[in-house]
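Breakdown of the fold
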Amino acid sequence: MSDTLEAPAQQDSDAEAMRRLERRTVAHLAAGGTTDWGPAPLTISPSEYTDPVRFEAEKRELFGKAPLLAGLSCEVANPGDVLLFDSVGPAILIVRNREGALNAFLNMCTHRAARLVSDCARRKLLVCPFHAWSFDLDGRLVAMPGEDSFETIDRTTRNLVRVPVGEWGGMVFVKAYAGEETIDVAAWLGEMGPELLRLNLAGTSLIKHSRVEVETNWKYALDTYGEGYHFGALHPTTFGTTTCSNVILFDSFGPHYRVNFTNSGYRDLVGVDEQDWPVTPYGGSHLVFPNSIVYGAPMEGGGSMIGMYRLYPGDVPGRSFTIMSTYRGADAPAGTPDAAFEGAHDYIEEVVRTEDYSVSKEGQRNLQHAPEGFRIVYGRNEIALQNTHRHVARMIGMPLD
Ligand code: FES
Ligand SMILES: [Fe+2]
């Protein structure tokens, strides 16, 4: 076959993709600070955030059935590496086997259900801390001390219980129930998948995780990541000093979306020949439906940091928690110390905790005591929020109230 026939389909490069986004941003700034927006405002009832029936349906239909982002491949890179997923539903362990494939299992011994693994150290066998039953990396029961006592039990019926898992584009997904299926991640992400590939998640390395509890509904907290309308008012001395308020790009990919906020530096590009614009790595803030924000942002000194924020329902509608994770981007120069990424992580966590989540907590309290007939309104500029709430409602089978 000739080279011509084997050449891949023409695809825009990551640089061209970013340039197309930047053109839209600069056009908004040139127009005096416009933004992408939806066709109309949307009003909804406070029950969206407070109704226990709705909340249970979300836990059951979304968090109990949909593929959930459990981490990045770098966290479970080598055979015997373990990644734990404990945020919703059953405790799950993900382990890379000797052939390099990922297995996911209930983190439950098949003797008397003890928790099998409590840390992510690399291991050759999964050994239960209770009576030392041992399983190989494919979940087979390979050793039972005092096996004579179990002589009528067929060892092959006591392998670990599988959980659906899928790995694609440097991301690891599970479904939070027992099952044998492989998750078709590319199908789940649809047209947002190729955009996420541009972040080179497969080449990242973990910097740190932290966990933030907040007394607000998980969607109220999630809403704060989907609009840049609040930067000036809520973040005047933090994010608002470097990011323009209410100049936002929005692209939906089914239930998933990408928003691009506008660094103030783009103001300087209005009227400048595009040839002279600096080259910025591909970035943007992606909602991997239902609950995970994955973004790339340029680092001082070049390259990117990757942030991943996963939001989960707590025990009641008005409680949630966020696992915030930061990774060194594949394109980050070796000279950028890990401390620079840690510093960025800690700064963002502090702002989110004290500004975004502080407002979210008080807003939730007010919604729980909202007067009869009160309606929340999302503006045309809060199109990402409208998108998410519509898809949540559709997937739980309860129309928006
Ligand atoms: S519960 Fe695991 S060996 Fe007994
Ligand atoms: Fe914010």
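Residues numbered from 1 in each chain as written. Chains lettered and ligands numbered in written order. Predicted model: local features only at pLDDT ≥ 70, side-chain atom pairs only at ≥ 80, totals over all residues. Heavy atoms only, no water.

**A few points about the coordination of the iron ion (ligand 2)**
For clarity, the threshold we go by: In this description, a donor is an N, O or S atom within 2.8 Å of the metal centre, a cutoff extended to 3.2 Å for sodium, potassium and calcium. Water is not part of the atom list, which can make sites seem incomplete. Think of it in three bands: with a 1.4 Å probe and only protein chains considered, a residue is buried below 20% of the maximum accessible area for its type, exposed above 50%, and partly exposed in between.
Listed as protein donors to the iron ion (ligand 2) are His230 (NE2), His235 (NE2) and Asp356 (OD); their distances from the metal cover 2.0 to 2.2 Å. In the primary structure, the donors to the iron ion (ligand 2) are separated according to the pattern H-x4-H-x120-D. Note on histidine 230: relative accessible area 13%, which makes it buried.

**Things to note about the sheet that holds strand β8 (residues 141-143)**
Note the cut-off: Between any two strands, pairing holds if DSSP finds at least two bridges. A run of H or I in DSSP counts as a helix once it spans at least four residues, and a run of E counts as a strand once it spans at least two, with each numbered from the N terminus.
With antiparallel pairing, three strands are arranged side by side in an open sheet as β6-β7-β8. Every interior strand has two partners, whereas the edge strands, β6 (126-127) and β8, have only one.

**Describing the confidence of the model for the protein chain**
As a reminder, the rule being used: Think of pLDDT as the predictor's per-residue confidence, scored from 0 to 100. The contact rule is simple, with two residues in contact once any of their heavy atoms fall within 4.5 Å.
Looking at the protein chain as a whole, the pLDDT averages 96, with 97% of positions reaching at least 70. Contacts from residues 1-10, a stretch scored under 50 in pLDDT, to residues over four places away or in other chains number one contact.

**Overview of the environment of phenylalanine 55**
Mapped onto the elements, phenylalanine 55 comes out in helix α4 (residues 52-63). Residues phenylalanine 55 and methionine 144 lie 89 residues apart in sequence; the distance between their C-alpha atoms is 42 Å.

**Brief notes about the packing of α4 against helix α10 (residues 383-396)**
Worth spelling out the cut-off: Axis definition: a line fitted to C-alpha atoms, limited for helices to the stretch in contact. Angles are taken between N-to-C directions and run from 0 to 180 degrees. In these notes the angle categories are as follows: under 35 degrees is roughly parallel, over 145 is roughly antiparallel, 65 to 115 is roughly perpendicular, and the rest is oblique. Just so you know the grouping, Ala, Val, Leu, Ile, Met, Phe, Trp, Tyr, Cys and Pro go in nonpolar, Asp, Glu, Lys and Arg go in charged, and all remaining residues, Gly too, go in polar.
Where α4 contacts α10, the two axes come as close as 9 Å, and the packing angle between them is 80 degrees. Accordingly, the angle class assigned to the pair α4 and α10 is roughly perpendicular. Contact residues: Arg54, Ala57, Glu58, Glu61 and Leu62 in α4; Val392, Ala393, Met395 and Ile396 in α10. Along the lines of polarity and charge, the residues of the contact of α4 with α10 split into six nonpolar, no polar and three charged.

**Considering the side chain of threonine 322**
Applied cut-off: N or O atoms within 3.5 Å of each other form a polar contact, as long as, within protein, one can give a hydrogen and the other can take it, and as long as residues adjacent in sequence are counted only when both atoms are side-chain atoms.
Topologically, threonine 322 is positioned in strand β17 (residues 320-328). Classification of threonine 322 by relative accessible area gives buried; the value is 0%. A distance of 2.8 Å separates a polar atom in the side chain of threonine 322 from a polar atom in the side chain of tyrosine 357. In this structure threonine 322 touches Ser210, Arg211, Val212, Tyr225, Tyr309, Arg310, Leu311 and Tyr357, once residues within four positions along its chain are discounted.

**Describing the nonpolar core**
What counts is decided by this rule: We call a set of buried residues a nonpolar core when its members are Ala, Val, Leu, Ile, Met, Phe, Trp, Tyr or Cys and they connect through side-chain atoms within 4.5 Å of each other.
Within the largest apolar cluster, 93 residues are counted, with the highest numbers of intra-cluster contacts made by Ile94, Phe173 and Val174. Here the element with the most residues in this core is helix α9 (residues 338-368); it accounts for seven residues. Residues in contact with phenylalanine 173, not counting those within four places in the same chain, are Pro67, Leu68, Leu69, Ala70, Pro164, Val165, Gly166, Ile183, Val185, Trp188, Leu189 and Val288.

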